[in-house]
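Chain and residue survey
Residue strings, one per chain:
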4 protein chains.
Amino acid sequence: MKHATTIDELKLILDDEMGNLANGAYLEKVLTPGFVDKRIYAIYLIETYHYTYHNARNQALVATRPERGDVRYMKYCLKHAMEEAGHELMALHDLKKAGYSTVDYKLMEDSDLPRPLMATEVLISYLYRVSTTGNPLARLGYSFWAERVYEYLAPLMLMFGHLGVEKSAMTFLTDHSSIDQEHAIEVNRAINMFAKTEQDWIDIENCMKTSLRLKARVMDAVFEEFVKLKEGTSDRYSFLNK
Amino acid sequence: MKHATTIDELKLILDDEMGNLANGAYLEKVLTPGFVDKRIYAIYLIETYHYTYHNARNQALVATRPERGDVRYMKYCLKHAMEEAGHELMALHDLKKAGYSTVDYKLMEDSDLPRPLMATEVLISYLYRVSTTGNPLARLGYSFWAERVYEYLAPLMLMFGHLGVEKSAMTFLTDHSSIDQEHAIEVNRAINMFAKTEQDWIDIENCMKTSLRLKARVMDAVFEEFVKLKEGTSDRYSFLNK
Amino acid sequence: MKHATTIDELKLILDDEMGNLANGAYLEKVLTPGFVDKRIYAIYLIETYHYTYHNARNQALVATRPERGDVRYMKYCLKHAMEEAGHELMALHDLKKAGYSTVDYKLMEDSDLPRPLMATEVLISYLYRVSTTGNPLARLGYSFWAERVYEYLAPLMLMFGHLGVEKSAMTFLTDHSSIDQEHAIEVNRAINMFAKTEQDWIDIENCMKTSLRLKARVMDAVFEEFVKLKEGTSDRYSFLNK
Amino acid sequence: MKHATTIDELKLILDDEMGNLANGAYLEKVLTPGFVDKRIYAIYLIETYHYTYHNARNQALVATRPERGDVRYMKYCLKHAMEEAGHELMALHDLKKAGYSTVDYKLMEDSDLPRPLMATEVLISYLYRVSTTGNPLARLGYSFWAERVYEYLAPLMLMFGHLGVEKSAMTFLTDHSSIDQEHAIEVNRAINMFAKTEQDWIDIENCMKTSLRLKARVMDAVFEEFVKLKEGTSDRYSFLNK
């Protein structure tokens, strides 16, 4: 097992991981015409809301670690957290725009939404832990894929379009595509600037893989919940049946 | 989806989950004569050490939650944490007894061991989060299966025996079987005493399922690492080849 | 400045600190016949409730520190936390018994009481920090004086008696006198068992002094609030005027 | 006791608090010609380093609170934290410039400095607690005085100048005077924007008073340590005697 020690090598590993995910058992069904409908987008948005709510928080926590570290990394974390703050509201906005909510998203309470699915709770748990323990640089591995995930999401957006989701209800996906292009460059720069040791690179790579796989499990869970909703075996998302 | 609201119903759901795990893809291979050897026990012990290290800590954290709760539940958590404290040392003891370490386990540093596998880190992350956020009763769902898991582990212990692991190198497994019998009764009593609302039962059940599935992923990862070690595609555990 | 390296030396430093406190500016006034009345006992109980609420919590936090430490110290902390859990309810009980509350103390919400005074908040803050950062042994310095403070409190209890507070409304003070005698022995034993280095002793001594001085500031603040109540310059505790 | 509900009223209370501090017992001695010397500046810088180290950290923690709050306040906290990050290095720079250190401040380890004085540790403890519990707005009360303290510090800076401290060794004080002027305006704006309820104003005011008084205790402790150093009754800062 060879570990990445450059951005390019990290990118190759990411491509490899993404390739594995593309072979996931559910993807074929998702792409089968007529199998899914717009409700899967709503479930996706709800889970996106939940983990995104914590992104700025766990990013900021990296900057509060008690150890003396590089002040520039501390500032990087805070700047990045500031830019991510409130992004979960875009997911709520899209949910409303897609026709699933009439309440104002600014006032919408967490309690109005179903609580996070297990898989989402697990992703959130991991991101808090990696942000508060171990190598403070590790979380860069999450940013590494999260900020460039949108280049892999083109087929997904296309599919949501086919399901009848309009552009105006895809702000989370489309705005992130452009915002994150710049972020991806900053993440590369940060990794190059702050990762000094082989262990730093290993920890960043491990966090990349772990958080990506947990995110893939969230996507699986979204699909599984959609199937339950479609088959009527769960009423968790029955408020989406209108 | 029907939620448990009694211990018996919770037990039925647990049996169901355990049944699903018993059909896991790896189990057949594990039971194929000659496929695995004693090194898989060592890998299992190392991961067991890692997550067990945190059990007393995350259990105690439940008692430190700022909310005013039932003082008896606080005491239950502290007593239970006290009883779990240091159990990870049994896993180290067993590792040594099984012939994999010559250093004294009391002095053995974490740094002597490979770091936790991703799957183990994820389990640890979840247990910290469930212990520090949300419903303080939820973690009882982890105890519910963890304290009675040994009744499901008989085949595993038998297999380890066939691999040449002696009784004296299985203290973690055998002692827990007896210690935990009493604990299981206490957990039942605690759930009956403190779970008041339907949401309490749901949260306990969710934690049971989530932590059990994450533990199953740890077992899968142990197997996967064993295969890599056997096939020589990873040197992570090469110190076990003697 | 000589630091203690034995229990006896620590006790001498404590005696010295206590002696300084006994010369505090307010003590003379407190002991002047007719100056204070039973309401000062009520204010004292309210602040006692507030910081005692956190004692078991911050004690338990010491056992959750991520560093590998002596398992016996971990168990000591958990056992001690278990014994302290819920002691704040004795202060509420006494408040009620002293005639200041008709609500059942088991149901009484924090929100029914005035929030902690600044000085109390500062003591609480320090105890959380010393329990979660720096030398995990340091908090023993708090226990060292807190568990034997009752030997210094005889004059105070006498005074409260003169103010008309009955024995049955002094359970916090009287029960602690007896409970804590045993605890004091355990704290001595713990310090002797776990303090290995000069720095350990210094950290224990510093915590002893700091927490004791902050507690003295709480007592000063109680007196100051009583004076404001008596002179009618604050209505914070006006519900005590019946 | 009247609570502030406008910035102007808060400022009046601050002036009042500052006036009380100006009557502190030690100030007369400090201003007596020949009583203090440059070493008191060094002690002041060391304690300033210690609590400033935590300012960006505890400020960032406010933004990580789990409760849903106003996203704009979250961003304010992160921006402010970013601007405060690394300011402790100015105190180390000044210490060196004032002739008290030959090591490069970028490499200087915490362990090279005496640990924080009790009073400093108490201030740090309080700031962490107020940042992580209770009203998330409360910490604005700390910023309210801290960002404008430099208008009160003119006499102090004059005195340090008389002791022979050069301008180039007062970057922490002088740069903050200008940086913080802008910050003070932002803090006013933030309080006006985010404080909605009477309780918000009370919590901000309480934090202002508490943190200011704890900071005054730090200044007292600096003086007390100077006296001990001068009289030779403590060797804590003897490395300043060159």
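Since the structure is predicted, the reported quantities are computational estimates derived from the model, not experimental observations. (Residues numbered from 1 in each chain as written. Chains lettered and ligands numbered in written order. Predicted model: local features only at pLDDT ≥ 70, side-chain atom pairs only at ≥ 80, totals over all residues. Heavy atoms only, no water.)

A word on the overall build of chain A
When its secondary structure is counted, chain A shows 10 helices and zero strands. Its helices and strands in sequence order give chain A the pattern α-α-α-α-α-α-α-α-α-α, from N to C terminus. Each of the three principal axes of chain A carries a C-alpha extent, and together these read 55 × 40 × 30 Å. Burial analysis of chain A (242 residues in total) assigns 57% to the buried set. Within chain A, contacts between residues at least 6 apart in sequence are counted, and of these 83% link residues at least 24 apart. Summed over all atoms, the accessible surface of chain A reaches about 10400 Å², with 56% contributed by carbon and sulfur. Averaged over its 29 positive side-chain charges, chain A has a centre that lies 2 Å from the centre of its 35 negative ones. (Helix = DSSP H or I, 4+ residues; strand = E, 2+ residues; numbered from the N terminus. Buried < 20%, exposed > 50% of the residue type's maximum accessible area, 1.4 Å probe, protein only. Contact = heavy atoms within 4.5 Å. Areas by Shrake-Rupley, 256 points an atom, 1.4 Å probe, with all protein chains shown as cover. Lys, Arg positive; Asp, Glu negative; His and termini not counted. Charge placed at Lys NZ, Arg CZ, Asp CG, Glu CD.)

Remarks on the arrangement of the chains
Considering only C-alpha positions, the minimal separation of the non-contacting chain A and chain C is 9 Å. You won't find any contact between chain B and chain D; their C-alpha atoms come no closer than 9 Å.

Considerations on the environment of Ile179 of chain A
Considering the arrangement of structural elements, one finds Ile179 of chain A in helix α9 (residues 171–194). Distance in space between the C-alpha atoms of Ile179 of chain A and Tyr26 of chain A is 29 Å, their sequence separation being 153 residues.

A look at the relation of the copies chain C and chain B
Mapping chain C onto chain B calls for a rotation angle of 180 degrees and an axial translation of 0.0 Å; the resulting RMSD is 0.0 Å. One copy is carried onto the other by what is essentially a two-fold rotation axis. For chain C, the minimum C-alpha distance to the rotation axis belongs to Leu78 of chain C and amounts to 2.9 Å. By residue overlap, the copies meet face to face through one surface: 100% of the interface positions of chain C are interface positions in chain B. (Least-squares fit on C-alpha atoms with pLDDT ≥ 70 in both.)

Observations regarding the interface of chain C and chain B
By convention, interface size is frequently given as the accessible area that disappears when the constituent parts associate. Listed by partner, the interface residues are 28 residues for chain C and 28 residues for chain B. Across the chain C to chain B interface the summed buried area is about 2200 Å²; carbon plus sulfur atoms make up 61%. Linking chain C with chain B are zero salt bridges. For the pair chain C and chain B, the interface holds 14 residue pairs in polar contact (both at pLDDT 80 or more). For the side of chain C that touches chain B, the elements supplying multiple residues, two or more each, are α3 (38–62), α4 (71–84) and α5 (88–100) of chain C. (Buried area = accessible area lost by both parts, 1.4 Å probe. Salt bridge = Lys/Arg side-chain N within 4 Å of Asp/Glu carboxyl O. Polar contact = N/O pair within 3.5 Å; in protein donor to acceptor, adjacent residues only side chain to side chain.)

Describing the interface of chain A and chain D
Across the boundary between the two partners, chain A contributes 28 residues, which contact 28 residues of chain D. Overall, the association of chain A and chain D removes approximately 2200 Å² of surface from exposure, summing both partners, and the carbon and sulfur fraction of that is 61%. Looking only at chain A, the three residues that lose the most surface to chain D are Arg57, Arg68 and Met82 of chain A, adding up to 32% of its buried area. Linking chain A to chain D there are zero salt bridges. Scanning the region where chain A abuts chain D turns up 14 residue pairs in polar contact (both at pLDDT 80 or more).

Observations regarding the relation of the copies chain A and chain D
Superposition of chain A onto chain D requires a rotation of 180 degrees combined with a translation of 0.0 Å along the rotation axis, giving an RMSD of 0.0 Å. Comparing interface residues between copies, 100% of those in chain A also lie at the interface in chain D; the contact surface is shared.

Things to note about the packing of α3 of chain C against α4 of chain C
Residue and element names in this part refer to chain C. It is at 8 Å that the axes of α3 and α4 come closest, and there the two elements cross at 170 degrees. With respect to α4, the axis of α3 lies roughly antiparallel. Taking contact as the criterion, the partners of Ala56, Gln59, Ala60 and Val62 in α3 are, on α4, Tyr73, Cys77, His80, Ala81 and Glu84. In terms of residue class, the contact of α3 with α4 is built from six nonpolar, two polar and one charged. (Axes fitted to C-alpha atoms, helices over the stretch in contact; angles between N-to-C directions. Parallel < 35°, antiparallel > 145°, perpendicular 65-115°, else oblique. Nonpolar A, V, L, I, M, F, W, Y, C, P; charged D, E, K, R; others polar.)

A word on helix α3 (residues 39–62) of chain B
All names here are of chain B. End to end, α3 covers 36 Å across 24 residues, agreeing with the expected 34 Å (1.5 Å per residue, within 8%). At Asn55, α3 shows its maximal bend, which comes to roughly 30 degrees. In terms of burial, α3 is a largely internal element, 24 of the 24 residues being buried. (Expected span 1.5 Å × (residues − 1). Bend = angle between axes of the 7 residues up to and from the residue.)

With respect to the packing of aromatic side chains
Geometry of an aromatic ring pair is reported as the spacing of the ring centres plus the angle between the planes. Within this structure, the stated rule accounts for 40 aromatic pairs over all chains. A centroid spacing of 6.1 Å and a plane angle of 45 degrees characterise the contact between Tyr49 of chain A and Tyr53 of chain A, whose relative ring orientation is tilted. Here Tyr49 of chain A pairs with Tyr53 of chain A, and both are found in helix α3 (residues 39–62), just four residues apart, close to one helical turn. For Tyr49 of chain A, a relative accessible area of 0% corresponds to the buried category. Accessibility expressed as a relative area gives 5% for Tyr53 of chain A, which makes it buried. Ring pairs connect the aromatic residues Tyr26, Phe35 and Phe223 of chain A, which therefore count as one cluster. In this structure, Lys230 of chain B is placed above the aromatic ring of Phe35 of chain B, and the distance from its NZ or CZ to the ring centre is 3.9 Å. (Phe/Tyr/Trp six-rings, centres within 6.5 Å; stacked < 30°, edge-to-face > 60°. Lys NZ or Arg CZ within 6 Å of the ring centre and 35° of its normal.)

Structural notes on the side chain of Thr120 of chain C
Within the secondary structure, Thr120 of chain C sits in helix α6 (residues 118–132). Looking at Thr120 of chain C, its side chain comes within polar contact range of the side chain of Glu47 of chain C, at 2.5 Å.

What about the environment of Ala98 of chain C?
Residues and elements named next belong to chain C. Residue placement: Ala98 occurs in helix α5. A relative accessible area of 7% means that Ala98 is categorised as buried. The spacing of Ala98 and Ser168 is 70 residues in sequence and 8.3 Å in space, taken between C-alpha atoms. Not counting chain neighbours up to four residues away, the residues in contact with Ala98 comprise Lys38, Tyr41 and Ala169.

Observations concerning the pattern of salt bridges
A complete count under the given rule lists 51 salt bridges over all chains for this structure. Arg115 of chain A is the partner of Asp203 of chain B in a salt bridge, and the nearest nitrogen-oxygen pair spans 3.5 Å. One end of the pair, Asp203 of chain B, is in helix α10 (residues 198–231); the other, Arg115 of chain A, is in the loop between α5 (88–100) and α6 (118–132), on a second chain. Between Asp15 of chain C and Lys11 of chain C there is a salt bridge, with its nearest N and O atoms 3.2 Å apart. With a gap of four residues between them, Asp15 of chain C and Lys11 of chain C both fall in helix α1 (residues 7–22), about one helical turn apart.

Quick look at the packing of helix α3 (residues 39–62) of chain D against helix α10 (residues 198–231) of chain D
Residue and element names in this part refer to chain D. Contact pair α3 / α10: the axes reach a minimum separation of 9 Å and the direction vectors enclose 140 degrees. If you check the angle between α3 and α10, you find them oblique. For the pair α3 and α10, the crossing hand works out as right-handed. For the pair α3 and α10, the contacting residues are Arg39, Ile40, Ile43, Tyr44, Glu47 and Tyr51 in the first and Lys215, Val218, Met219, Val222, Phe223, Glu225, Phe226, Leu229 and Lys230 in the second. Residue composition of the contact of α3 with α10, by class: 10 nonpolar, no polar and five charged. (Left-handed = near helix turned anticlockwise from the far one by under 90°.)

Describing the state of the cysteines
Residue and element names in this part refer to chain D. A complete count under the given rule lists zero disulfides over all chains for this structure. Left without a disulfide partner, Cys77 is nearest to the cysteine sulfur of Cys207, which lies 12 Å away. Looking at Cys77, the relative accessible area reads 0%, which means it is buried. (Disulfide = S-S within 2.5 Å.)

Details of the environment of His87 of chain A
Residue and element names in this part refer to chain A. You can see His87 is positioned in the loop between α4 (71–84) and α5. Considered as a pair, His87 and Lys11 are 76 residues apart in the sequence and their alpha carbons are 25 Å apart. Excluding residues within four positions of it along the chain, His87 makes contact with Thr52, Phe172, His176 and Ile179.

A closer look at helix α9 (residues 171–194) of chain B
Along an α-helix, residues three or four positions apart point the same way, because every turn accommodates 3.6 residues. Residues and elements named next belong to chain B. With 24 residues, α9 extends 32 Å from end C-alpha to end C-alpha; this agrees with the ideal 34 Å at 1.5 Å per step. Taking the largest bend as the criterion, α9 deviates by roughly 35 degrees, centred on Asp180. Within α9 the residues assigned to the buried category are Thr171, Phe172, Leu173, His176, Asp180, His183, Ala184, Glu186, Val187, Ala190, Ile191 and Phe194.

Digging into the side chain of Ser143 of chain B
Tracing the chain through its elements places Ser143 of chain B in helix α7 (residues 140–146). Other than its neighbours up to four places away in sequence, Ser143 of chain B contacts Gln59, His80 and Val187 of chain B.

Some words on the confidence of the model for chain A
All names here are of chain A. Residues of chain A with pLDDT of at least 70 account for 95%, and the chain-wide mean is 91. By mean pLDDT, helix α2 (residues 25–31) is the weakest element of chain A at 83, and α6 is the strongest at 98. Both scores are given for the predicted complex: the pTM is 0.96, the ipTM 0.94. (pLDDT = per-residue confidence, 0-100.)

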